[in-house]
Amino acid sequence: MSDHSTIGRELNGEIVKPKRQLAMVFDLNKCLGCHTCSIACKTQWTNKEGMEGQWWSVVNTMPGKGTPKGWEQMGGGFEPDGKARPGIIPIRQEHGDAWKFNHKEVMFEGGGKTSHLHPMTFDDKDPNWGPNWDEDQGDGEYPNSYYFYLPRLCNHCTHPACVEACPRGSIYKREQDGVVLIDDTKCKGFRFCMEACPYKRIYFNHVRQVSQKCIFCYPRVEAGVAPACARQCPGRLRFVGYLDDETAPIHKLIYKYKVALPLHAEYGTQPNVYYIPPLSPPEVDMSGNVKEGTHRIPTDYLRTLFGPNVDSALATMEKEMEKKRAGEKSELLDTLIVYEWPKDIFPDFIKSPADVPGDFHAR
């Protein structure tokens, strides 16, 4: 068993923590929903056999059922008393299988004038779900309908339910940076990890019969290169750093200004991916008149995602924006703007993948 196998597990009632913890902060006010992060990750890590339907980095439209379909109702994680919360294993169709297209018919067999490209599932059926099936649908009623994008990946939790659930000891947290990894030489495909993870960010490789998930691009991180999803993001919304670095932007966003919040903290896994909740314009009536004191995205809904601290986080953001409009300085907004890339967003990982040895496809 790995020397790090106790990291993230309970020992004598205490959670064993790593020496340092890598984390991400996503500024949801800057997410374009372009899925560049998803493609960067796909290109680099999930382009092998059996991984066709795996998307370690996804961008869901909220409110929405996400991927896998209805993941927020699938259980997992821990109860308030620390006991495991029952969960279910998402099936292949709920993730959305990789689609096939009739390229041969349309492009090479003369069917282009009479047929059109259409997707099919692995068993040649019409698909009824996919990773972005409900993209841009949102909620609310005209003229106050709304939606926002929510990037998601493995949270590399401080108390990962997947580590607790694996009977093989194949999942562990790295002592040096808290990254959660799966040793696939030990994995036997029991999928207890998928059942236990409340965020449902673990996939099953049906060819190799092993579980697989985001690895926080640890080969890049070790070389001083930012994770592919963060480095490729055109919106500059993914901050990466160590939680204990008080000079880094990620520490200030989480601990100093308290505007970065975990997703579904009630699941009890202590996730290390944080979100700056989305601001929204006020509601308007049918004549376009502004309803003062309202928000297009209901704060009640944001509380279900990010907890009660979302109110103070939004208030802080609005206060700092007012300061900026008045010509005053705002360290918080200057941090979020990211004037100098990449040092202002992931200062410990500014190297270009082109300048270090290694197979870094997504640059």
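Going by the structure above, here's the rest.
Below: a short report on this structure. None of the values given here were measured: they were computed from a predicted structure.

## Some thoughts on the pattern of salt bridges
- With the rule as written, the count across this model stands at 16 salt bridges.
- Aspartate 184 is paired through a salt bridge with arginine 208; the nearest N and O atoms lie 3.0 Å apart. Residue aspartate 184 is found in the loop between strand E9 (180-182) and helix H5 (192-196), and its partner arginine 208 is found in the loop between strand E10 (202-205) and strand E11 (210-213); the two are separated by 24 residues along the sequence.
- Classification of aspartate 184 by relative accessible area gives partly exposed; the value is 31%.
- With its nearest N and O atoms 2.7 Å apart, the salt bridge here joins arginine 303 to aspartate 311.
- Relative accessible area serves as the criterion here: at 33%, arginine 303 is assigned to the partly exposed category.

## Let's talk about a nonpolar patch on the surface
- Taken together, the side chains of Trp99, Phe101, Met107, Phe108, Leu117 and Trp133 present a nonpolar region at the surface, about 640 Å² in accessible area.
- Here tryptophan 133 is to be found in the loop between strand E6 (119-120) and strand E7 (148-152).

## Section: the side chain of lysine 213
- You can see lysine 213 is positioned in strand E11.
- The side chain of lysine 213 sits in the buried core without any salt bridge; aspartate 177 is the nearest counter-charge, 10 Å away.
- Side-chain polar atoms of lysine 213 contact the backbone oxygen of valine 180, separated by 2.5 Å.
- Filtering out sequence-adjacent residues up to four positions away, lysine 213 remains in contact with Trp56, Cys154, His156, Val180, Leu181, Ile182, Arg201 and Ile202.

## Digging into the nonpolar core
- Within the largest apolar cluster, 87 residues are counted, with the highest numbers of intra-cluster contacts made by Val25, Leu253 and Phe306.
- Top contributing element to this core by residue count: strand E3 (residues 22-27), with five residues.
- Among residues more than four places away in sequence, those in contact with phenylalanine 306 are Leu28, Leu150, Leu261, Pro262, Leu263, Tyr275, Pro277 and Pro278.

## Regarding the environment of valine 259
- Following the sequence through the fold, valine 259 ends up in the loop between helix H8 (249-256) and strand E13 (261-262).
- Given the relative accessible area of 0%, valine 259 is considered buried.
- Residues valine 259 and serine 330 lie 71 residues apart in sequence; the distance between their C-alpha atoms is 14 Å.
- Those residues in contact with valine 259 that lie beyond four places of it in its chain are Leu253, Tyr275, Ile276, Pro277, Ala313, Thr316, Met317 and Leu332.

## Focus on the packing of aromatic side chains
- Evaluation of the coordinates by the stated rule reveals eleven aromatic pairs.
- A network of ring pairs unites the aromatic residues Phe26, Tyr275 and Phe306 as a single cluster.
- Note that arginine 191 overlies the ring of phenylalanine 204, its terminal NZ or CZ placed 3.8 Å from the centroid.
- The ring of phenylalanine 26 has arginine 238 lying over it, and the distance from NZ or CZ to the ring centre is 4.5 Å.

## Focus: the sheet that holds strand E12 (residues 238-242)
- Read from one edge of the open sheet, four strands run E12-E3-E14-E13, paired in mixed fashion. Since the sheet does not close on itself, it has two edges, and those belong to E12 and E13, each with one partner.
- Here E13 pairs with strand E14 (residues 273-276) via two bridges, running antiparallel. Each residue of the ladder has a partner; that of leucine 261, found in E14, is tyrosine 275.

Cut-offs applied
- Residues numbered from 1 in each chain as written.
- Predicted model: local features only at pLDDT ≥ 70, side-chain atom pairs only at ≥ 80, totals over all residues.
- Heavy atoms only, no water.
- Salt bridge = Lys/Arg side-chain N within 4 Å of Asp/Glu carboxyl O.
- Helix = DSSP H or I, 4+ residues; strand = E, 2+ residues; numbered from the N terminus.
- Buried < 20%, exposed > 50% of the residue type's maximum accessible area, 1.4 Å probe, protein only.
- Patch = residues over 30% accessible without salt bridge, like charges linked within 9 Å, V, L, I, M, F, W, Y side chains within 5 Å.
- Areas by Shrake-Rupley, 256 points an atom, 1.4 Å probe, with all protein chains shown as cover.
- Lys, Arg positive; Asp, Glu negative; His and termini not counted.
- Polar contact = N/O pair within 3.5 Å; in protein donor to acceptor, adjacent residues only side chain to side chain.
- Contact = heavy atoms within 4.5 Å.
- Core = buried A, V, L, I, M, F, W, Y, C linked by side-chain atoms within 4.5 Å.
- Phe/Tyr/Trp six-rings, centres within 6.5 Å; stacked < 30°, edge-to-face > 60°.
- Lys NZ or Arg CZ within 6 Å of the ring centre and 35° of its normal.
- Pairing = 2+ DSSP bridges.

Note that all results are geometric; they support no functional claim without further evidence.
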